[in-house]
Amino acid sequence: LHTYTSFATVPADIVALIVEELNTPTQPPHTPYTYTQQTAKLLHTVALPRVDLIRQEDLDLVTWLRDIKGTPLAGSLLQLDLSDTHINDQGLALLSHVPRLKHLALRNCNKIQGNGFNKVTCKFEFLNLRNCTMLRGRHLVSLLPGSKDSLTTLILSGCTRLKDEDMHIMAQFARLRSLRLSHCDKLGHRAFVHLSKAQSLHTLSMAHCFLLGTPAPEFPDDATHPLLSMPQLQHLNLSFCFLHDRSLPLLRAIAKGSFMRLISLKIKQNSLSRGFFLSLCSLCSQGMMPALSVIDLSSSLALPHVAS
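Below you will find a few notes about this structure. Remember, it's a predicted structure, so these values are computed and weren't measured experimentally. (Residues numbered from 1 in each chain as written. Predicted model: local features only at pLDDT ≥ 70, side-chain atom pairs only at ≥ 80, totals over all residues. Heavy atoms only, no water.)

1. A short note on the overall build of the protein chain
Right, so step 1: Check the secondary structure of the protein chain and you find nine helices and 10 strands.
Right, so step 2: Taking all 308 residues of the protein chain together, 49% fall into the buried category.
Right, so step 3: The contacts of the protein chain with a sequence gap of at least 6 include a subset with a gap of at least 24, amounting to 71%.
Right, so step 4: When the accessible area of the protein chain is evaluated, it comes to approximately 14500 Å², of which 54% is carbon and sulfur surface. (Helix = DSSP H or I, 4+ residues; strand = E, 2+ residues; numbered from the N terminus. Buried < 20%, exposed > 50% of the residue type's maximum accessible area, 1.4 Å probe, protein only. Contact = heavy atoms within 4.5 Å. Areas by Shrake-Rupley, 256 points an atom, 1.4 Å probe, with all protein chains shown as cover.)

2. What to know about the pattern of salt bridges
A side chain with one charge may pair with a side chain of the opposite charge, provided their charged atoms come close.
Right, so step 1: Applying the stated criterion to the full structure yields two salt bridges.
Right, so step 2: Residue aspartate 52 is joined to arginine 50 by a salt bridge in which the shortest nitrogen-to-oxygen separation is 2.6 Å.
Right, so step 3: Of the charged contacts, one joins aspartate 81 and arginine 107 as a salt bridge, the two residues approaching to 3.5 Å between their closest N and O atoms. Of this pair, aspartate 81 sits in strand E2 (residues 79-81) while arginine 107 sits in the loop between strand E3 (103-105) and strand E4 (126-128), and the two are 26 residues apart along the sequence. (Salt bridge = Lys/Arg side-chain N within 4 Å of Asp/Glu carboxyl O.)

3. Description of the nonpolar core
Right, so step 1: If you look at the biggest cluster of nonpolar residues, it comprises 85 residues, and the most contacted ones within it are Leu156, Met170, Leu181, Leu204 and Met206.
Right, so step 2: Of all the secondary structure elements, the ones that give two or more residues to this core are helix H1 (12-23), helix H2 (37-42), helix H3 (61-67), helix H4 (72-76), helix H7 (191-195), helix H8 (249-256) and helix H9 (274-285).
Right, so step 3: Excluding residues that lie within four positions of it along the chain, leucine 204 makes contacts with Leu179, Leu181, Phe192, Leu195, Met230, Leu233, His235, Leu236 and Asn237. (Core = buried A, V, L, I, M, F, W, Y, C linked by side-chain atoms within 4.5 Å.)

4. A closer look at a nonpolar patch on the surface
Right, so step 1: Taken together, the side chains of Phe277, Leu278 and Leu301 make up a nonpolar region of the molecular surface, amounting to roughly 240 Å² of accessible area.
Right, so step 2: Residue placement: leucine 301 occurs in the segment after strand E10 (294-296).
Right, so step 3: Residue classification places leucine 301 among the partly exposed residues on the basis of a relative accessible area of 33%. (Patch = residues over 30% accessible without salt bridge, like charges linked within 9 Å, V, L, I, M, F, W, Y side chains within 5 Å.)

Now the structure itself:
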């Protein structure tokens, strides 16, 4: 491809085959093809549903997204992966040139604060912002005009600037089913006040959210913890949160609540007594968790020492 000075004569079907070959992993670990600005512009000439530009750190993505407007690619693109690139909010705003985009991955894009979303009206179904460490929660509201009724999966793991109050936006995504907030270390118990209003949510991961392991004086007893207002949950992950069942209303709420749809519960690497496990077993035997099929308490049960 680098030998061409102009791509005007390359048939679109041949270009599509070339791009598909470049995007197909041959053997792990897959090393992506390194695009130049010229070869990346070739993509504009073809009606492709998916483009992966992972780890294309030398590409000027602002120019690439600006020039995509009105091209065959702009009208066909449904999935775009720009992970591990230097895309910024100026480039993010130019996604308005790709109106049919539904799946967007921006993992490890540390120049994004999120204000570029206010120019984007795409109806996202899947959005991966994992480890976008500069992302500010207040900018997530800009996703609402386009994605309010379409977003089903939102990955915000490692977005360390997110705070409890930023979670209020989740209830406004009418179809949000999966939310991943692992390693968001500023999120604590009050995040559940907002998350409990997202009634379509069935998968929630808050692993490594260490503040969940601290006391919650605003919820003095089991019956008041907002987690009890989320009976629709099917998958819950609270691993690596320094949880202790004797002092934490959160876990006691799980052990006393009625989670009829809960399928998997992961609470790995915490400090739980045998009593918590017995409480779960009691709930299951009483039919309070009829769907529960996976309980992962790896390295969490503090069993009493038995002298030899």
